Structures are given as C-alpha cells and as structure tokens.
Amino acid sequence: MHAPTTDPLQRERDHLAASRAALTAMREDVESLDLRDVTGTWVSAAVLQRQVTDRIAALADLAHTPLFFGRLDYLHAISEDLAEGGTGEQFYIGRRHVHDAAGDPMVIDWRAPVSQPFYRASRTDPLDVERRRRFGYTGGELTAYEDEHLTDPAEADSASALLAAEIEKPRVGPMRDIVATIQPEQDEIVRAEIGGTVCVQGAPGTGKTAVGLHRVAYLLYAHRERLARTGTLVIGPNSSFLSYIEQVLPALGELDVAQATVQQLVAHVEVRGEDPSEAARIKGDARMAEVLRRAVRSGITLPTEPCVVVRGSRRYRVPVQELTGIIEELAGREIRYGAAREALPQRIAHTVLLKMEQGGEAPDDRVQDAVARNPQVKAVVKECWPPVDPAKLVHRLLTDAAFLAECAQGVLDAGEQAAILWTKPGRSVKTARWTAADAVLVDEATDLVQRTSSLGHVVLDEAQDLSPMQYRAVGRRCTTGSATVLGDLAQGTTPWATASWQDALHHLGKAGAHVEELTKGFRVPEEVIAYASRLLPAIAPGLAPATSIRDLPGSLAVRHVPSPDDLVESVVEACRLALGHEGSTGLIAADARIPLFAEALTAAGLAFLAPGTETSAEARLTLVPASLAKGLEYDYVVLDEPAAVVAGEPDERTGLRRLYVALTRAVSGLQLLHSEALPVQLGA
Ligand SMILES: Nc1ncnc2c1ncn2[C@@H]1O[C@H](COP(=O)(O)OP(=O)(O)OP(=O)(O)O)[C@@H](O)[C@H]1O
C-alpha cells in the first residue's frame, strides 16, 4: 500500500482510476448475469438480452471520453435524494453515474439535481458551492484542473482557460457533446420543465442544436419511464445534418432517440416531383387545412331512405329523420372522420335497440354489435359516411378542378387554386408525381381521418424553414407531449420561411410557448460574425447580431480575384492552404458551381467529402453546396463567389440569407474569394 498522495492532481487521477475500475466492475456485473434463470418465455429472453447488451454498451469506458469533467465542493452536506444516493459535500460530475462496490456514487450524472450548480453557480449566486473544479484532459489523461472559489470575495473573476480550450478544439468528426461546458443561459433551456414547449431564437453558433440535444438527454434522465413509453424525436432539415448530429446523444448514453427530417415523417407517398415555389407556398399555407377538412368531409351525405333492420320475424325501422339526426350530430362534433365512421353503425344500432326495448325485448350489448354489423346498417354507413383514403383524396383535390373549387371556396382564390392543380396529373396515387408539399397535405388528411399518435417530446431544429402546414405536421406528433423549437429567423431560406415565432408556435399548436433568445456565439469568431451581421438589416431587421466569445484577429480574409477564369484555381489553392491547419475545411459554393469544384479539386489531387460524410484526420476537406451548409461547421471555410450564392435563390432576400448561413460556418477562419462584385449589403 502506498501512502495516500498529497499532490492534488495525483489525487484526482487516483479518483479517475478508481472510478474507471468501478465502471469496469459495473459492466462485469451485468456481463455475468445468467439470463437462463430469470427468463420465462423466449420473447422475454430476447427482450432481456437486448436490454443487457444495451446496458453493457452504455457502460463502456471510452478512452477519449473522460469519466468526469468537474467537481463540486459544497459548503454543506447534500441530501441523498438530490445526489443519486450519495452523501457528503464533494461530488464528481460526469457523463454517467458510476458507483463503487458498496453502491456509493463515485461519479454523478451531469443531469442529477446535485450537478446543476456546476452549470449555474456564480459569484453572485454561489448556490452553496464553495469550489467548482474543472478538469482538463489530454488524450484521455487527466492533466490539469482549474478552481473557482465562489464564496471567496478576494478571488477575481477570470475566464476559464479550459472552457476556451474546449471551444477551440479542432472540429473533425461528428458533432460533439458540450456537457462539460454548458453555459448558464443554455442550462436554463436544457433543464426547462418537460410540460412546457420552449422556443429558442438564436443567431448562428449560439448552441441551439447542442442545447436541443442536451435537453432531450436531460428529459430522458428526469422522466425516463414516461418518455420510454411515449418516445422522443429529433427533427432536422436534411439527412446530412442528421448524420452530423447523430452521435451526440449516444455519447451521452441515450441510444433510443429517433431522428428524422419532416419529409421522412410524412412519407405516405413517394415524392418524385418538385413544386414551383408559388405552388409550394400555397400548399404550405395554413388555409390548406380548411380545404382538406372540407375535402375529407365532402362525402358525408344525408340519407334519403329509412334503414330497415330485420331480426328474426321482426322488422325495425329507423326513419330518415332519425338517421339524419344521428349523422348531423356526429358531423357537428370535433371527432376524427374515421372515429365518427366507426361510431355511426353503433349509433344506428343503439336506436334499433331502443326500439327493441320499446317492443318488450331485453337486448344486450352483443345484440347491439350484431345490429351494427347488419348489412342494412353497413349500407347506410357506406352511403352516408364513405371511407376516405387520404392519398386518393389529395390526389383528387389536386387533379379535379371542380372538386378543388368546391372545397376551396372562399378560402383560396381562383388564381391560387389554379396554381396548385397539377399540370401533369398522374393517373393514380402510385404514378403521380407527388411533391414534398403534397406529402404534407396527405399527412394532414391522414390525421383528419385518424388521430396521429403523439410522442412525449419533439426537438425541432432549423424550424424557421418550415411552412405552416409542416408545423402542423410536427405539432400533431406532440399534441400530448411538448416540444423544443430551435431556429434563427435570419437563416430562413424557404419562400415560406417563418416571419414570427408566435405564428410558428400557433401553427404548431403550442401558442403559449416561451420564446428565449440566445445571442452568445460559440462558433464564429468576432471578426467573421461582425462581417456576416452586416446582412442582418436586409434579411431580418430587428434581430440582434450575435456576439462571439472569441476574438481571433485575422480570422477573416476577403480576396478579390480580378479574372473569373482564375477564381476556381484560387479557391482550390485557398483550400490547400487551409488544409495546412489542423482541423476540418469546408469549401462552400453556390450549388451550380459544385461540379466545377468537384472537377478542380480532383485535378489538383485534393480528396474531398460530401456533407454528412464524417470527416477524419485523413479526410478533412468537404465540398459543401450552399443549400446544405445549414447547421454544419468547419474549422476553416473557403467561400466561393458570394454573388453566385445569392443568385442561386429565387429572390434577393433568400439569397442574402443563404449567404448569411454560408458566412457563419467557420470556427477559426473564413476566406472569401470573389470576382464578381460583393453584394452591396456587405458594404464593400
Ligand atoms: N457551451 C458550449 N461549450 C462549448 N461549445 C459550445 C457550447 N455551446 C455551443 N458550442 C459549440 O458551438 C458550436 C455551434 O453550436 P450549434 O451548432 O449548436 O449552434 P447553432 O445555434 O445550432 O448554430 P446554427 O444556427 O448555425 O445552426 C458547436 O460546435 C457547439 O458544440
């Protein structure tokens, strides 16, 4: 036995080694479970085995993911229920809970109540914390720590070097978690109550995506059972974005969060066509909900003949007037079309039952069910409340001008109706050239027929680009749950982009939600964000420019290349130079210029990836079409010809917004090359 060390760093290393040993023991415990004894049926054995495998995976000790990143020394002992069963004043904070053989915690989950002051305590409000310690790691080794004595008035407030180092780490590979450095204003959102929907407006790089993902992890910790039952979902703009973020939650130990694009959520029909932007805008307008509501109900008709049910030797007659009463009553109620269709035969049967009782019989429920299945009753239902196939219905609406006119009367004007009718209608649901906006209409119609089931929590990222109809599609997936809505009005690049969060939340069905604003930027250096923010008055008047936590002189370079013929070569050369630095490089160009660069990079012998493919130490260059840059980031960005990026969009404002997105992807440096004049809004 060695004497306990007095070197504080060594003591922390010893605690790390002991925690890792404890984690190994926890994993071995699970691995040694003998499932043969505890499993009854084959199915439960399979389920249990999966749970055990997941648990073993979750207990893996990842060499480059430190087990703990902080320590809190409280002034007073903390109660067990706040500290995952731990007691005392000192707690190590990490990505997951680790306990020793006696069950005492050695590392506390960052989401536990006792960990919260790690993110929130300050000199003005120390929250009973005497000392906050942050740990620094190099290649998995604990190499440094930094202390703040929050209750010591003599200690000066200083910026954390470890926090700065964490933020400046080169970005290769997928998005990382930020558990070690969540900021107080971010933590407020992460830990907001599950009951309420939170909407976050935030400039580029303020951590919206990071906050949204950590919020799901937090909610899963705080409400595990409820959310395991109801499910959680993260919605992102496209699949390259989803692959960029997909490893954050697993790294936090959460393996069961679904991810999808809005398009994937509403994939009732195969999307093969594209709408002109005006048609897409109208189809995405909330007024379409009313058109569809009328369309779904358009088949409801009132009976013209009585319904006569024969039972044995007796005949029961439900007169037209009574049938009409039942149908009108159902039509007047706010229940789904399909639910009403199921209720209708039962209502008619109930009327028959009353007549039987009046006739002295004593029928029971089984008789009512039998009457409901009677062919005469079924015939009335088919006639008066016909089945609706949502895709067929939308197909009819978009191909049959008279039907559209009937359903859209007083809602869409003639020009709008003409704009959404298909010019080349496919004959059937299968062969039609459905567009993305059409699929959302089918989803709305589907929900009018049968209620969409609601998840427990939905995170909606890059929300500003959704149409009102898309908000409705997302909203019906969290009617009984809550949502976290993340976006930036200045980055809206669809013709129907959100102009106000209040409107968006209204369409989502969460009108009362709170709107928070994040303005502290963690990605883009000061010079670069200041330059990009020159566009704000033109693209989103009224929005505050983001600040940056980093002042990196020389991070922005704007270069004019007089001859357009030389531009491609200069851009390729700029990429080569950027690759001389550590970390990732993104070459962003107007979509139309991407083939040009694919060829030029190949000719120059520079290998490159497409967005969504993971960068690595060997492959660090990504060629990014401007339309896919949203949400992504690179250490160095080379931006080709801003005028072409602007010109690639249908109108100037959208073009400038696209440019704003492209200008705000860099973590360490942005090099902008142009031959054409820069947009005047950038102020030459
Ligand atoms: N508290 C933090 N500590 C360390 N890094 C952070 C923190 N908050 C955000 N970041 C980092 O800043 C970068 C930008 O974050 P994120 O992508 O979440 O921003 P965003 O607001 O979604 O940006 P955009 O609007 O461009 O999509 C990411 O690399 C993220 O990890």
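A quick note: this is a predicted structure, and the numbers were derived from the prediction, not measured.

This next bit is on the site of the ligand. Near the ligand lie 22 residues; those nearest to it are Thr181, Gly207, Lys208, Thr209 and Phe522. At the level of elements, helix H5 (161–168) and helix H7 (208–222) are the ones that each hand at least two residues to the shell around the ligand. With three residues, H7 is the single largest residue contributor to the shell around the ligand. By residue class, the composition of the shell around the ligand is six nonpolar, ten polar and six charged.

A few words now on the sheet that holds strand S13 (residues 482–487). Ordered by their spatial adjacency, six strands build an open sheet running S9-S8-S12-S13-S7-S14, and the pairing between neighbours is parallel. Of all strands in the sheet, those with a lone pairing partner are strand S9 (258–260) and strand S14 (514–518), marking the two edges. The average angle at which neighbouring strand axes cross in this sheet is 15°, direction not considered. When strand S8 (residues 232–235) meets S9, the two strands line up parallel, connected through three bridges.

Our focus in this paragraph is the domain arrangement of the protein. Taken as a whole, the protein is organised into domain 1 (1–158), domain 2 (307–384) and domain 3 (539–682). Taken over C-alpha atoms, the centre of domain 1 sits 64 Å from the centre of domain 2.

A separate point is the sheet that holds strand S6 (residues 141–149). An order of S3-S4-S2-S1-S5-S6 is seen for the six strands of this open sheet, with the pairing classed as mixed. Every interior strand has two partners, whereas the edge strands, strand S3 (98–99) and S6, have only one.

With respect to the helices and strands, Gln470 occurs in helix H22 (residues 468–475). On the neighbour-count criterion, Gln470 (27 C-beta atoms within 10 Å) is buried. Along the sequence, Gln470 and Glu444 sit 26 residues apart, while their C-alpha atoms lie 9.2 Å from each other.

What follows covers helix H17 (residues 375–384). Regarding H17, the residues found buried are Val377, Val380 and Cys384. Buried positions in H17, seen along its axis, are confined to an arc of 60° and lie on one side of it. With respect to the buried face of H17, the exposed residues turned more than 90 degrees away are Pro375, Ala379 and Lys382. Contacts from the buried residues of H17 go to strand S10 (307–311), helix H14 (320–332), helix H15 (337–358) and helix H16 (365–372).

Right, let's get into the pairing of S10. For S10 and strand S11 (residues 314–318), the ladder comprises five bridges, and the chain directions are antiparallel. If you follow Cys307 over to S11, its bridge partner there is Val318. Linking S10 to S11, which pair antiparallel, is a turn of two residues; within it Gly312 sits at a positive phi near 60°.

In the UniProt entry, the feature "binding site: ATP" (unreviewed entry) is given for Gly202, Ala203, Pro204, Gly205, Thr206, Gly207, Lys208 and Thr209. The exposure class of Gly202 is buried, given the 23 C-beta atoms found within 10 Å. The residues touching Gly202, leaving out its near neighbours within four places in the chain, are Lys208, Asp488, Glu517 and Leu518. Of note, Pro204 is situated in the loop between strand S7 (198–202) and H7.

This part covers the nonpolar core. In terms of nonpolar packing, the biggest core is built from 177 residues, with Ile348, Val485 and Leu587 touching the most fellow members. Of the residues forming this core, the biggest block, eight residues, is contributed by H7.

Compared with an ideal rise of 1.5 Å per residue, which puts 24 residues at 34 Å, helix H1 (residues 8–31) spans 35 Å between its outermost C-alpha atoms and is within 8% of the ideal. By the burial criterion, the buried members of H1 are Leu16, Ser19, Leu23 and Met26. Buried positions along H1 lie against strand S1 (68–74), S3, strand S4 (105–109) and S6.

For the rest of this paragraph, the subject is the UniProt feature "domain: UvrD-like helicase ATP-binding" (unreviewed entry) in the protein. Within the UniProt annotation, "domain: UvrD-like helicase ATP-binding" (unreviewed entry) is assigned to residues 181–525. Secondary structure within residues 181–525 divides into 50% helix and 11% strand; the distance between the first and last C-alpha atoms comes to 18 Å.

So, about the pairing of S13. Working note: regular strand, side chains alternate between the two faces of the sheet. Buried residues dominate S13, accounting for five of its six residues. Here S7 pairs with S13 via four bridges, running parallel. Its bridge partner lying in S13, Gln201 is registered against Gly487. Pairing of strand S12 (residues 457–460) with S13 involves four bridges; the strand directions are parallel. Bridge pairing links Leu460 to Val485 in S13.

What counts and what doesn't
Residues numbered from 1 in each chain as written. Predicted model: local features only at pLDDT ≥ 70, side-chain atom pairs only at ≥ 80, totals over all residues. Near = placed C-beta within 6 Å. Helix = DSSP H or I, 4+ residues; strand = E, 2+ residues; numbered from the N terminus. Nonpolar A, V, L, I, M, F, W, Y, C, P; charged D, E, K, R; others polar. Pairing = 2+ DSSP bridges. Axes fitted to C-alpha atoms, helices over the stretch in contact; angles between N-to-C directions. Domains from an automatic or database assignment. Buried ≥ 20, exposed ≤ 12 C-beta atoms within 10 Å, placed from the backbone. Arc of directions from axis to C-beta. Contact = placed C-beta atoms within 7 Å. UniProt positions renumbered as here; feature names shortened; annotations may be inferred. Core = buried A, V, L, I, M, F, W, Y, C linked by C-beta atoms within 7 Å. Expected span 1.5 Å × (residues − 1).

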